[in-house]
Structures are given as C-alpha cells and as structure tokens.
Amino acid sequence: MEKLAIRLGSTPHDPVHWLVWSDTEKEIIASGELPDIDGLAQLRERAPNAEVVCIVPGCDVVLKTVQLPARANRKVLNAIPFMLEDEVASDIAKSFFAFGKRIGDSQQVAVVLREQLEFWQEALKQDDLYCDLLVPDTLALPYSENTISVLSLGRHEQSAFIVRAGEWAGYQGEKSWILMLLEKQLKTKPQSVLTYSEQQQIE
C-alpha cells in the first residue's frame, strides 16, 4: 500500500510539495515539488492506487483549546464558535470549525475559512484526488512532550517554515520571522528541538 501526501498552498500559485510513502518498504519512494496547483494531475498518474493524505498550510488554520463547563453537552459544543468569536480574526459565520480530541473539560478546535476549505477540496476534486482528512502542516510534524519539531520547505528567507510547538499547537510562515518567534519561545521555555530538514543552527 502506498500513501500520497500532498501539501497544498494557500493560493493556486503557491508551490505544491508531495511525497509517496510505501508501507511495504517503510520509506519514501518518491518526492518532489510542483510550481503551482496546475500540476496536481501528474500526482494521480504517478501513484494511481495510493491513499491520498492532504496537508494544508498551518497559517490558514487557527488551533484553539476551549475550556468547557463540567459535563458539557452537545448544546455547549455547538456554542464553541461564539465562544471563540473574539479570539479568531475571521468572521465565524464564514468559518468552518472542526473538533479534535476532548481531554477532560478541554476541547481542541481547528478553525478555517470556508472559502479556503472549498478551494482545497475543489482543487483535489478536479484532478480526481480524494481524501477524507485535511491536516494542518503544523500537526503533520511528529509530537513528543517538551519537544518542538521544525521543518523548512526551502532554503530562502521566504520559504515556508513549520513549527509544531505542542500536541495542538504550532505556527507556520516565512522562515525570516518564524525563526524569531521560535527563538523567543525557547527563551521563555527551553525545550529540545528536532529538525526534519537542513537548517541554520537555532541558538
């Protein structure tokens, strides 16, 4: 069985990163980068029987943890968008809310604009690529307690830099300013850093 992981961009003009993972060989057997979204059809041809995993930019997905009243019921869960109205920049009426795990009275929530979500879904559908789950790139990196995982998608200052800072926490953006944010976080709370690509050393 093969898995085709595709990282879409925020716009049609952003590069698309991809890789094919073989469950049999337990390794990546192919990978690459497309200049923009127009090349998606090539990926279905390359791995026609692969299970598709879609990864999206963490900068487009807001991750929140909401503290719920004890023994909260479904009505309380339905009210979460309104509880977060002052904490997210987007209009809640135009946003999609997805629930992660509930741990005790803490509920994990991911927020994304419906327009952005529909763009990703339509881009995949047009090229016969189907998946049931969209994963923010910040949560696609490995997680372990007291450890920060980082990955760069290029060597330039404008390259996307991805940081997983917790089980349900992370941030993604241009390397030039994300590194500053990461260094500030490490000064506040020293932690181990695992790097999954060649990087300049993080002090």
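Residues numbered from 1 in each chain as written. Predicted model: local features only at pLDDT ≥ 70, side-chain atom pairs only at ≥ 80, totals over all residues. Heavy atoms only, no water.

Visitor: Looking at this structure, how should I read the overall build of the chain?
Guide: When you go through the chain residue by residue, the secondary structure sums to six helices and twelve strands. C-alpha extents for the chain along the principal axes are approximately 50 × 40 × 35 Å. Buried residues in the chain amount to 40% of all 203 residues. Taking the contacts inside the chain whose residues are at least 6 apart along the sequence as the reference set, 50% of them involve residues at least 24 apart. Entry remark: accessible area of the chain is about 12100 Å², with carbon and sulfur atoms responsible for 51%. Positive and negative side-chain charges of the chain, numbering 20 and 30 respectively, have mean locations separated by a distance of 8 Å. (Helix = DSSP H or I, 4+ residues; strand = E, 2+ residues; numbered from the N terminus. Buried < 20%, exposed > 50% of the residue type's maximum accessible area, 1.4 Å probe, protein only. Contact = heavy atoms within 4.5 Å. Areas by Shrake-Rupley, 256 points an atom, 1.4 Å probe, with all protein chains shown as cover. Lys, Arg positive; Asp, Glu negative; His and termini not counted. Charge placed at Lys NZ, Arg CZ, Asp CG, Glu CD.)

Visitor: Would you explain the sheet that holds strand E5 (residues 62–67) in this entry?
Guide: Paired through backbone hydrogen bonds, the strands of a sheet run either parallel or antiparallel to each other. A sheet is described by the order of its strands in space; here three strands give the open sequence E5-E7-E6, paired in antiparallel fashion. Both outer strands of the open sheet, E5 and strand E6 (95–103), are each paired with one neighbouring strand and no more. Pairwise comparison of adjacent strand axes, ignoring direction, gives a mean angle of 25° for this sheet. In this structure, E6 lies alongside strand E7 (residues 106–113), joined through seven bridges in antiparallel fashion. Of the residues in E7, the one forming a bridge with Phe99 is Val109. Across the face of the sheet, helix H4 (residues 114–126) comes into contact with E6 and E7 while running at roughly 75° to E7. (Pairing = 2+ DSSP bridges. Axes fitted to C-alpha atoms, helices over the stretch in contact; angles between N-to-C directions.)

Visitor: I'm lost on the side chain of Gln116 in this one. Help?
Guide: Following the sequence through the fold, Gln116 ends up in helix H4. Gln116 gets classed as buried once you look at its relative accessible area, which sits at 16%. Separated by 3.0 Å, the side chain of Gln116 and the backbone oxygen of Ser10 make a polar contact. Those residues in contact with Gln116 that sit more than four places away from it in its chain are Gly9, Ser10 and Asp60. (Polar contact = N/O pair within 3.5 Å; in protein donor to acceptor, adjacent residues only side chain to side chain.)

Visitor: Looking at this model, I keep getting lost on the side chain of Ser106. Mind explaining?
Guide: Secondary-structure assignment places Ser106 in strand E7. A polar side-chain atom of Ser106 sits 2.7 Å from a polar atom in the side chain of Gln67. In this view, Ser106 contacts Thr65, Val66, Gln67 and Lys101; residues no more than four positions away in its chain are not counted.

Visitor: Got a minute to help me understand the confidence of the model for the chain in this structure?
Guide: Reading predicted coordinates in detail is not appropriate for stretches of low pLDDT. Averaged over every residue, the pLDDT of the chain is 89; the share at 70 or more is 97%. Per-residue pLDDT stays below 50 along residues 199–203; that stretch engages in ten contacts with residues further than four places along the chain or on separate chains. (pLDDT = per-residue confidence, 0-100.)

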